[in-house]
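# Descriptive structure summary
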Amino acid sequence: MKLWVVEDYQAMSRRAADVLAREIKRKPDSVLGLATGGTPVGMYQELVRMHREEGLDFSRVTSFNLDEYVGLPAAHPQSYRTYMEENLFAKVNIDPRMTHIPRGDAPDLEAECARYEREIARAGGIDIQVLGIGRNGHIGFNEPGSTAATATRVVQLTRDTVEANARYFDSPDEVPTQAISMGIRTILAAKRILLLASGSSKAEAVQRMLEGELTPELPASFLRQHADVTVVMDRQAASRLPAATIAGTAAD
Ligand code: PGA
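Quick caveat: nothing in here was measured; it's all calculated off a predicted structure. (Residues numbered from 1 in each chain as written. Predicted model: local features only at pLDDT ≥ 70, side-chain atom pairs only at ≥ 80, totals over all residues. Heavy atoms only, no water.)

## Topic: the overall build of the protein chain
A tally of regular secondary structure across the protein chain gives 8 helices and 10 strands. With respect to the three principal axes, the spread of C-alpha positions in the protein chain is 50 × 40 × 35 Å. Per-residue burial for the protein chain yields a buried fraction of 55% across its 252 residues. Partitioning the intrachain contacts of the protein chain with sequence separation of at least 6 by distance along the chain shows that 78% fall at a separation of at least 24. A total of about 10,900 Å² of accessible surface is found on the protein chain, and carbon and sulfur atoms cover 49% of it. Put simply, the protein chain has 29 plus and 34 minus side-chain charges, and the middle of one group is 5 Å from the middle of the other. (Helix = DSSP H or I, 4+ residues; strand = E, 2+ residues; numbered from the N terminus. Buried < 20%, exposed > 50% of the residue type's maximum accessible area, 1.4 Å probe, protein only. Contact = heavy atoms within 4.5 Å. Areas by Shrake-Rupley, 256 points an atom, 1.4 Å probe, with all protein chains shown as cover. Lys, Arg positive; Asp, Glu negative; His and termini not counted. Charge placed at Lys NZ, Arg CZ, Asp CG, Glu CD.)

So this is what it looks like as structure tokens:
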């Protein structure tokens, strides 16, 4: 794993956007795996700026998002489709037909999961997958207990995750308790992985990901099995790592 510890959220966002922009320039028809949540918002802002000011071209890019809430139609204000439209898709020149997010309101959820896996395969696989990390070490919505063999499927969200997501909803009762999520196997099949972490609430999960045992109890630990992972984290997220680990990274 390549570790980058940078000063703060802004620096993390710029560095992450830079990695993606380089990938898109290297391969204009890149297949991007995208993430939602609070962490990548600044990265998307920077990508939008690069599109507007520097002409970063998304016209041939394909995207697959990690997950979507079960039960929310695409147009729901808190759906991940809406998040992606507001943060990126509507602000750059990506072809809407090339953007993929599981349908949380599909009548047959099993069939939707299988279809999603087929679509990723048909696109030639994911070139670079962006990930956040949950306080409980989840990646996508692969909660503790998820094995490395999991594919895209319907998952039950843990109480911790529901609580963490409640800030986006009017009341805790409205927060969906299930989601469709790419599996860990799906994520590990990406050619490259870019994980972002910001803030002290992620410090323990980051430490266990890098230094704990490889275990379904900390799904992010399976990333150590992948040959090309870059972690960009700010100082707070890195605060539980030994000084020697941090000293070896390119500080910003
Ligand atoms: P966050 O979520 O970016 O909103 O902290 C990350 C995650 O749960 O994967």
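## Some thoughts on the sheet that holds strand 3 (residues 62-65)
Read across the sheet, 7 strands follow the order 1-10-9-6-2-3-5 without closing on themselves; strand pairing throughout is parallel. Two strands close off the open sheet at either side, each with one partner strand: strand 1 (2-6) and strand 5 (99-100). Sheet topology note: the strand 2 (residues 31-34)/strand 6 (residues 128-131) ladder contains 2 bridges and is parallel. Within the sheet, the bridge partner assigned to Leu32 lies in strand 6 and is Ile128. Its contacts with the sheet put helix 4 (residues 109-122) on strand 3 and strand 5, and the angle it makes with strand 3 is roughly 150 degrees. (Pairing = 2+ DSSP bridges. Axes fitted to C-alpha atoms, helices over the stretch in contact; angles between N-to-C directions.)

## Side note on the side chain of Asp95
By secondary structure assignment, the location of Asp95 is in the loop between helix 3 (80-87) and strand 5. A relative accessible area of 19% means that Asp95 is categorised as buried. Separated by 2.8 Å, the side chains of Asp95 and Arg97 make a polar contact. Discounting residues that sit within four places of it in the chain, Asp95 has contacts with Phe58 and Ser59. (Polar contact = N/O pair within 3.5 Å; in protein donor to acceptor, adjacent residues only side chain to side chain.)

## Overview of the site of the ligand
Around the ligand, the surrounding shell consists of Gly37, Gly38, Thr39, Gly132, Ile133, Gly134, His138, Arg167 and Lys202. At 2.6 Å from an oxygen atom of the ligand is found a side-chain nitrogen or oxygen belonging to His138. Protein chains bury 80% of the 280 Å² of accessible surface belonging to the ligand in isolation. Considered class by class, the residues forming the shell around the ligand number 1 nonpolar, 6 polar and 2 charged. (Near = heavy atom within 4 Å. Nonpolar A, V, L, I, M, F, W, Y, C, P; charged D, E, K, R; others polar.)

## Brief notes about the packing of helix 2 (residues 41-54) against helix 3
Packing of helix 2 against helix 3 leaves a shortest axis separation of 10 Å and a crossing angle of 40 degrees. With respect to helix 3, the element helix 2 is oriented oblique. Across the interface between the two elements, Val41, Tyr44 and Val48 of helix 2 pack against Tyr83, Met84 and Asn87 of helix 3. Among the residues forming the contact of helix 2 with helix 3, the class breakdown is 5 nonpolar, 1 polar and no charged. (Parallel < 35°, antiparallel > 145°, perpendicular 65-115°, else oblique.)

## Brief notes about the nonpolar core
In terms of nonpolar packing, the biggest core is built from 66 residues, with Leu47, Leu223 and Met233 touching the most fellow members. A per-element tally of this core places helix 1 (residues 9-26) first, with 8 residues. (Core = buried A, V, L, I, M, F, W, Y, C linked by side-chain atoms within 4.5 Å.)

## Remarks on the environment of Pro96
Looking at the element boundaries, Pro96 is found in the loop between helix 3 and strand 5. Relative accessible area serves as the criterion here: at 62%, Pro96 is assigned to the exposed category. The sequence separation of Pro96 and Glu85 amounts to 11 residues, and the corresponding C-alpha distance is 9.4 Å.

## What to know about the packing of helix 1 against helix 2
Two elements in contact, helix 1 and helix 2, have axes whose closest approach is 8 Å; the angle formed by their N-to-C orientations is 55 degrees. Relative to helix 2, the element helix 1 lies oblique. Our pair here, helix 1 against helix 2, has a crossing hand that is right-handed. Contacts from Tyr9, Ser13, Arg14, Ala16, Ala17, Asp18, Leu20 and Ala21 of helix 1 reach helix 2 at Val41, Gly42, Met43, Glu46, Leu47 and Met50. In terms of residue class, the contact of helix 1 with helix 2 is built from 9 nonpolar, 2 polar and 3 charged. (Left-handed = near helix turned anticlockwise from the far one by under 90°.)

## Some points on helix 3
For helix 3, a buried count of 6 out of 8 residues is recorded, marking the element as mostly surrounded by other parts of the structure. Here helix 3 has its buried residues at Tyr80, Arg81, Thr82, Tyr83, Met84 and Asn87. If you follow the buried residues of helix 3, they end up packed against strand 2, helix 2, strand 3, strand 4 (67-69), strand 5 and helix 5 (159-165).

## A word on the packing of aromatic side chains
If you walk through the whole model with that rule in mind, you get 6 aromatic pairs. Taking 5.9 Å as the distance between ring centres and 35 degrees as the angle between the ring planes, the aromatic pair formed by Tyr69 and Phe141 counts as tilted. Separated by 72 residues along the polypeptide, Tyr69 in strand 4 and Phe141 in the loop between strand 6 and strand 7 (153-156) bring together distant segments of the chain. For the pair shown, Tyr69 and Phe141 are each scored as buried. Aromatic pair Tyr69 and Phe169: ring centres 5.8 Å apart, planes at 75 degrees, arrangement edge-to-face. Here Tyr69 is found in strand 4, whereas its partner Phe169 is found in the loop between helix 5 and strand 8 (178-181), with 100 residues between them in sequence. (Phe/Tyr/Trp six-rings, centres within 6.5 Å; stacked < 30°, edge-to-face > 60°.)

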